[in-house]
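Listed below are the residues making up each chain.
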Amino acid sequence: MTIAVLDDEEVVVRTPEEFHRMPRDYQKILVSQITINTEGELSGGDDYALMFLPLAPTSEERQVCAERAAEEYDHYKIGKRVLADLGIDTTYMENQSLAERTLFADERMHSCTTWAERGIYSYIGEETAMVMLREFAESSYRPWAEAVRTIILDEKIHIAHGARVCRNLAVTEEGREQLQAALDRLWPMFVGIFGSPHTKRSKLAVRYGLRKTTNGEAIELWREKVTERVTNLGLRVPE
């Protein structure tokens, strides 16, 4: 039996059994949210292993890329377990190529060719994930909120590694030029990760406690966060 959610009611869902009694809109938004994030984590592992590791200039950096890949695969498994408890199997993702995964898809994300792009990807780009993960950590679906907190700890390390790569490059004019080119190419893709700023779906997600902000508000939070990082590197924020 589906329960009704009153306009002024705070939503708290503690178990899969309670989830299945929630309104259909709640169920669809939550499943979509977790599934998209879970696919993104799996593809992120592939990116670190297949795209960034070959670009790494030293054995130490190769090791770091391998470690980050392992963490991303672990994040995928965390989401997989949460979805499995809801009766959803994501094993099919593991047999797909990057090109076949369409939920978290942008060709630019999987086509980095310079070490500068590797740095920008993590320092600026992975902050998009962090903005959303911080919201998911307060999700009204408590099993997802608890699972995400583990992912956040690793993502902080990923962003810190990207910061180190960028700062090392930013000490020379040539390095700053490489970083600016990387930022200019990847920035539109980062913005697009949040989806349409005016979608009604994100407003409904806020109403159900599955998000804290709408897409448009989340974009502005991210932009405010990363603008300082960009200027501190001696770079300009793309239009």
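Residues numbered from 1 in each chain as written. Predicted model: local features only at pLDDT ≥ 70, side-chain atom pairs only at ≥ 80, totals over all residues. Heavy atoms only, no water.

A.B. asks: How would you explain the nonpolar core if you had to name every residue and give the values?
C.D. replies: Residues Tyr-26, Leu-30, Ile-120, Ile-124, Tyr-141 and Trp-144 are the most contacted members of the largest nonpolar core, which totals 64 residues. Those residues in contact with Trp-144 that sit more than four places away from it in its chain are Leu-30, Gln-33, Ile-34, Asn-37, Gly-79, Val-82, Phe-136 and Ser-139. (Core = buried A, V, L, I, M, F, W, Y, C linked by side-chain atoms within 4.5 Å. Buried < 20%, exposed > 50% of the residue type's maximum accessible area, 1.4 Å probe, protein only. Contact = heavy atoms within 4.5 Å.)

A.B. asks: So what's going on with the packing of aromatic side chains? Which residues, and what values?
C.D. replies: Two numbers describe a pair of aromatic rings. These are the distance of the centres and the angle of the planes. By the definition in use, this model includes 8 aromatic pairs. Consider the rings of Trp-187 and Trp-222, whose centres lie 4.7 Å apart with planes at 45°: the pair is tilted. Taken as a pair, Trp-187 in helix H7 (residues 173-192) and Trp-222 in helix H9 (residues 215-232) lie far apart in primary sequence, 35 residues in all. Residue classification places Trp-187 among the buried residues on the basis of a relative accessible area of 3%. Judged by relative accessible area, Trp-222 falls into the buried class, the value being 0%. When the ring of Phe-190 is compared with that of Trp-222, the centres are 6.4 Å apart and the planes differ by 70°; the resulting orientation is edge-to-face. Pair noted here: Phe-190 is in helix H7 and Trp-222 is in helix H9, with a separation of 32 residues, a long-range link. Across the pair, Trp-222 and Phe-190 agree in class, each one buried. In this structure an aromatic cluster arises from ring pairing among Trp-187, Phe-190, Phe-194 and Trp-222. (Phe/Tyr/Trp six-rings, centres within 6.5 Å; stacked < 30°, edge-to-face > 60°. Helix = DSSP H or I, 4+ residues; strand = E, 2+ residues; numbered from the N terminus.)

A.B. asks: Outline H9, supporting the account with residue identities and numerical values.
C.D. replies: Compared with an ideal rise of 1.5 Å per residue, which puts 18 residues at 26 Å, H9 spans 26 Å between its outermost C-alpha atoms and is within 8% of the ideal. The largest bend along H9 measures about 25° and falls at Val-226. Of all the positions in H9, only Asn-215, Gly-216, Ala-218, Ile-219, Trp-222, Val-226, Arg-229 and Val-230 are classed as buried. Buried positions along H9 lie against helix H5 (115-136), helix H6 (142-169), H7 and helix H8 (200-207). (Expected span 1.5 Å × (residues − 1). Bend = angle between axes of the 7 residues up to and from the residue.)

A.B. asks: Please provide a residue-by-residue account of the packing of H7 against H9, values included.
C.D. replies: Two elements in contact, H7 and H9, have axes separated by 12 Å at closest approach and are oriented at 160°. Considered as vectors, H7 and H9 are oriented roughly antiparallel to each other. Seen from above, H7 lies across H9 with right-handed handedness. Contacts between H7 and H9 pair Leu-183, Trp-187, Phe-190 and Val-191 from the former with Ile-219, Trp-222, Arg-223, Val-226 and Val-230 from the latter. Across the contact of H7 with H9, the residue classes tally to 8 nonpolar, no polar and 1 charged. (Axes fitted to C-alpha atoms, helices over the stretch in contact; angles between N-to-C directions. Parallel < 35°, antiparallel > 145°, perpendicular 65-115°, else oblique. Left-handed = near helix turned anticlockwise from the far one by under 90°. Nonpolar A, V, L, I, M, F, W, Y, C, P; charged D, E, K, R; others polar.)

A.B. asks: Just give me the short version of the pattern of salt bridges, but keep the residues and values in it.
C.D. replies: Where charged atoms from two side chains of opposite charge come close, those side chains can pair. Tallying each qualifying case throughout the model produces 12 salt bridges. Here Arg-68 ties to Glu-71 by a salt bridge, and the two come within 2.8 Å at their closest N and O atoms. Taken as a pair, Arg-68 and Glu-71 lie in helix H3 (residues 59-85) at a separation of 3 residues, close to a single helical turn. In this structure, the salt-bridge partner of Glu-127 is Arg-134, at a minimum N-O distance of 3.2 Å. Note on Glu-127: relative accessible area 1%, which makes it buried. Taking relative accessible area as the criterion, Arg-134 reaches 36% and is therefore assigned partly exposed. In this structure, a network of salt bridges that share partners links the residues Glu-67, Arg-68 and Glu-71. (Salt bridge = Lys/Arg side-chain N within 4 Å of Asp/Glu carboxyl O.)

A.B. asks: If you had to explain the environment of Asn-232 to someone new, which residues and values would you point to?
C.D. replies: Secondary-structure assignment places Asn-232 in helix H9. Between the alpha carbons of Asn-232 and Glu-17 there is a distance of 48 Å; along the sequence they are 215 residues apart.

A.B. asks: How would you sum up the side chain of Ser-140? Please name residues and give values.
C.D. replies: Along the chain, the position of Ser-140 falls in the loop between H5 and H6. Within the local environment of Ser-140, its side chain forms a polar contact with the backbone oxygen of Tyr-208, the two atoms lying 2.8 Å apart. Those residues in contact with Ser-140, other than ones at most four positions away along the chain, are Val-11, Val-12, Val-13, Tyr-26, Tyr-208, Gly-209 and Leu-210. (Polar contact = N/O pair within 3.5 Å; in protein donor to acceptor, adjacent residues only side chain to side chain.)

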